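Topology and contacts: notes
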Amino acid sequence: MSASSATRIGWASVTPALLWTLVFFVVPFIAMGVVSLYPKGMAGMSLANYTQFFTNQSYWRALTNSLEVTLLVTLLSVLLAYPFAWILAFIVPERWQRLALMLAVLPFWTSYVVRSYSWLLVLAEKGVVNSTLVNLGLIAEPLQIANTRAATVVGFVHFFVMLLTLTIYANLKQLSPNYRKAAADLGASGVQTFIHVILPLTLPGIMVGAFLTFVLAIGDYITPQILGGNNELLMPQLIMMQIGRRGDFGSASALSLILMAVVTLAYLACARWLKLERA
């Protein structure tokens with residue numbers, strides 16, 4: 001096969017994907033960027049929508065709230081998912097691991113909205129959590145858990161810990177048992193083997209899961225709206241307010257691009273760190 005024929009075949013293979021990306025990502029992205037430069041009630045192009053974000057304290061606070069919630073969710077999810085994945089990979093017998101994984105992903109089989117409303121019922125004033133604590137005599141009055149940041153974090157962690165478990169589990173299963181045997185032969189304890197051998201080798205899997213958690217959580221509108229009770233303004237809520245209440249598509253576009261820039265910075269940080277780890 002000649003070089004020109006191979007080139008034509010190659011372009012023919014990638015053209016559908018390129019067209020899909022162009023039509024459904026590049027063009028909408030450019031359109032959103034253009035719309036963001038037209039502030040509502042003003043003639044001509046301007047950076048007013050972007051300057052408003054940095055000068056309006058409530059807008060800036062929405063971003064910091066989103067970052068605080070997302071980072072907390074990511075950290076808790078990693079801390080819970082790693083031991084769970086370890087148990088699945090090394091403690092659960094091989095013949096039961098598929099069943100255990102199936103049980104672990106059962107939450108994904110339920111609608112995301114249904115799960116959020118279920119947690120709202122569980123965390124309500126007369127829900128399972130408060131009723132149990134009152135009946136055990138641990139508290140005298142029901143706690144205000146629903147419609148708070150804590151409820152939002154709980155709902156997020158319940159979903160994302162399973163996602164992280166799967167990525168970390170896959171990473172752990174790829175490790176050769178010879179690593180642990182070699183570390184033991186060199187006199188390393190179980191804790192030393194984990195810190196100096198297992199953890200560094202599984203960090204790429206952790207970072208992939210953590211980044212996915214970060215991206216999905218920071219852009220999620222449903223969980224904070226249902227479990228948070230709209231009592232704390234996050235970036236997705238702020239963007240929806242610009243469209244639903246003000247009809248300000250320019251401001252909503254600018255806020256969306258700012259949120260995308262934050263996600264891009266997070267990706268660049270993770271990509272650079274993973275590259276160093278591979279080196």
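Keep in mind the model is a prediction, meaning the values are calculated, not measured. (Residues numbered from 1 in each chain as written. Predicted model: local features only at pLDDT ≥ 70, side-chain atom pairs only at ≥ 80, totals over all residues. Heavy atoms only, no water.)

Let's talk about the overall build of the protein chain
- Secondary structure summary: the protein chain contains 12 helices and zero strands in total.
- Helices and strands in the protein chain line up, N terminus first, as α-α-α-α-α-α-α-α-α-α-α-α.
- Relative to the compact-globule value of 19 Å for 279 residues, the protein chain shows a C-alpha radius of gyration of 24 Å, a clear excess of over 25%.
- Along the three orthogonal principal directions, the C-alpha set of the protein chain runs to about 80 × 75 × 35 Å.
- The burial tally for the protein chain puts 36% of its 279 residues in the buried class.
- Here the analysis covers contacts within the protein chain between residues at least 6 apart in sequence; of these, 71% occur between residues at least 24 apart.
- Across the protein chain, the centroid of the 16 positively charged side chains sits 10 Å from that of the 9 negatively charged ones. (Helix = DSSP H or I, 4+ residues; strand = E, 2+ residues; numbered from the N terminus. Rg over C-alpha atoms; globule rule 2.2 N^0.38 Å. Buried < 20%, exposed > 50% of the residue type's maximum accessible area, 1.4 Å probe, protein only. Contact = heavy atoms within 4.5 Å. Lys, Arg positive; Asp, Glu negative; His and termini not counted. Charge placed at Lys NZ, Arg CZ, Asp CG, Glu CD.)

Observations regarding the packing of aromatic side chains
- For the structure shown, the criterion picks out 12 aromatic pairs.
- Above the ring of Phe-90, the side-chain terminus of Arg-180 is found at 4.3 Å from the ring centroid. (Phe/Tyr/Trp six-rings, centres within 6.5 Å; stacked < 30°, edge-to-face > 60°. Lys NZ or Arg CZ within 6 Å of the ring centre and 35° of its normal.)

Observations regarding the pattern of salt bridges
- Overall, the coordinates contain five salt bridges when judged by the stated rule.
- As a salt-bridge pair, Arg-61 and Glu-68 come within 3.7 Å of each other at their nearest N and O atoms.
- For the salt bridge of Asp-248 with Arg-246, the shortest nitrogen-to-oxygen distance reads 3.5 Å.
- The network of salt bridges with shared partners includes Arg-61, Glu-68, Arg-149 and Glu-232. (Salt bridge = Lys/Arg side-chain N within 4 Å of Asp/Glu carboxyl O.)

Section: the packing of helix α3 (residues 57–91) against helix α4 (residues 94–104)
- Viewed as axis vectors pointing N to C, α3 and α4 meet at an angle of 155°, and their least axial separation amounts to 9 Å. Taken as axis vectors, α3 and α4 run roughly antiparallel relative to one another. α3 and α4 meet at a crossing whose hand is left-handed. Here Phe-84, Leu-88 and Ala-89 of α3 lie close against α4, whose contacting residues are Gln-97, Ala-100, Leu-101 and Ala-104.
- A breakdown of the residues in the contact of α3 with α4 according to their chemical character gives six nonpolar, one polar and no charged. (Axes fitted to C-alpha atoms, helices over the stretch in contact; angles between N-to-C directions. Parallel < 35°, antiparallel > 145°, perpendicular 65-115°, else oblique. Left-handed = near helix turned anticlockwise from the far one by under 90°. Nonpolar A, V, L, I, M, F, W, Y, C, P; charged D, E, K, R; others polar.)

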